[in-house]
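What follows is the residue order along each chain.
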Amino acid sequence: MRHRIQRIVNRFRPVKLPDFAIIGGQKCGTTSLYHMLASHPNIGMSVGAQETHFLDRHFHKGLDWYRAHFPFDGKTDRQGIRTSAGDCTPIYLFHPLVPERARNTIPNAKFVVLLRDPVERTLSHYFHCLKRGHEHLKLDDALAAEEERLSGEVQRMYDDPGYYSIPYRRFSYRKRGVYHEQIARWRDFFPEESFLFLRSDMLSSSPGEALGRIFDFLDLPAMEPPPDTRRNVGRWSDVPEKTIEMLAQYFEEPNRHLTEVLGPDFNFNERPGPLLRQRFGDKSSR
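Values in this document were obtained by computation on a predicted structure and should not be read as measured data.

(A) Main features of the nonpolar core. Counting 52 residues, the largest nonpolar core has Leu 33, Leu 37, Phe 111, Leu 115 and Trp 186 as its most contacted members. With 6 residues, helix α11 (residues 207-218) is the single largest residue contributor to this core. Filtering out sequence-adjacent residues up to four positions away, Phe 111 remains in contact with Ala 21, Ile 23, Ala 102, Ile 106, Trp 186, Phe 190, Ser 194, Phe 195, Leu 196 and Phe 217.

(B) Focus on the packing of aromatic side chains. Overall, the coordinates contain 17 aromatic pairs when judged by the stated rule. On the numbers, 6.1 Å between centres and 25 degrees between planes, the contact of Phe 54 with Trp 65 is stacked. Of this pair, Phe 54 sits in the loop between β2 (43-45) and α3 (63-67) while Trp 65 sits in helix α3, and the two are 11 residues apart along the sequence. Of the two residues, Phe 54 and Trp 65, both sit in the buried class. Plain terms: the ring middles of Phe 94 and Tyr 168 are 4.3 Å apart, the flat faces sit at 10 degrees to each other, and that makes the pair stacked. Within this pair, whereas Phe 94 is found in the loop between β3 (84-88) and α4 (98-105), its partner Tyr 168 is found in helix α8 (residues 166-170), the two being separated by 74 residues in sequence. The pair Phe 94 / Tyr 168 is uniform in exposure class, with both members buried. It is Arg 174 that lies over the ring of Tyr 250; its NZ or CZ is 4.7 Å from the centre.

(C) Quick peek at the pattern of salt bridges. Counted under the stated rule, the structure contains 12 salt bridges. Of the charged contacts, one joins Asp 64 and Arg 67 as a salt bridge, the two residues approaching to 3.5 Å between their closest N and O atoms. Placement of the pair is Asp 64 and Arg 67 together in helix α3, with a separation of 3 residues, close to one helical turn. Taking the shortest distance from any N to any O, the salt bridge between Asp 265 and Arg 271 comes out at 3.6 Å. We classify Arg 271 as partly exposed; its relative accessible area is 40%.

(D) Structural context of the pairing of β3. The buried fraction of β3 amounts to 5 of the 5 residues, a majority that puts the element mostly inside the structure. The alternating pattern of β3 places Ser 84, Gly 86 and Cys 88 and Ala 85 and Asp 87 on opposite faces, both of which are buried. Two strands pair when backbone bridges link them, and strand β1 (residues 20-24) and β3 are joined in this way by 3 bridges, in the parallel orientation. The residue bridging Ala 21 from the neighbouring strand is Asp 87, located in β3. In the sheet, β2 pairs with β3 via 3 bridges, with the strands oriented parallel. Looking at the pairing, Gly 44 lines up with Ala 85 of β3.

Rules used in this analysis
Residues numbered from 1 in each chain as written. Predicted model: local features only at pLDDT ≥ 70, side-chain atom pairs only at ≥ 80, totals over all residues. Heavy atoms only, no water. Core = buried A, V, L, I, M, F, W, Y, C linked by side-chain atoms within 4.5 Å. Buried < 20%, exposed > 50% of the residue type's maximum accessible area, 1.4 Å probe, protein only. Helix = DSSP H or I, 4+ residues; strand = E, 2+ residues; numbered from the N terminus. Contact = heavy atoms within 4.5 Å. Phe/Tyr/Trp six-rings, centres within 6.5 Å; stacked < 30°, edge-to-face > 60°. Lys NZ or Arg CZ within 6 Å of the ring centre and 35° of its normal. Salt bridge = Lys/Arg side-chain N within 4 Å of Asp/Glu carboxyl O. Pairing = 2+ DSSP bridges.

Spatial relationships are all this shows, so hold off on functional conclusions.
See below:
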């Protein structure tokens, strides 16, 4: 009902599409970043729902439906700075059809990408699905079943662009952590300068620096980090060391490729995430 009313209102005022989007990755701090950016006076994040899912799930609903999520164009502050509209839908990084749809829909947009140690991301994703009742298998069994669960899903999406793959969204535990493949897909449609990549642990360890880099990227005035912005924080414990070692081995090669693409700051083999550092110390002790 809200979006039906909003579409009627939009006929009488200029409404914009997003200037930028937080496109991923899932369980990498995107919810916290959404709330941080929503507190900025010159940013209008999507309303009604944090994640619009327009470019993956609701593309058939059209641009009027998408526009209804964002502030109207022309709004400026006292200094004449125009409000920037932002989407935040983490599956965009991973979904195979989204990059081309984004180029055809928001070709001038900028994209913020948070990347988390893929071992930590995998575990957080699994326990998130377990908590929500989407997963009934034990951790090792779910990881072993991933390839079979995802088999053929990408081809189905290409064959039928309206197909919404629940397995691809829920059970892509390890596949979502193969970041270099997803980045390459996006760079087929957008130039390198369209992206800002940040390690997700930077949001907690150096929030001021992280936000400063984001605001510079978006050409917006700086702002101090708002207090208490951590949201949707998952918990995982009692994971066997053999499972973590198996995941670390799985991601060794993808992490090397990622380092070649983004540089040493994203070398998760040598600089694991904070939860793994707390548990195991440096790489040699894992």
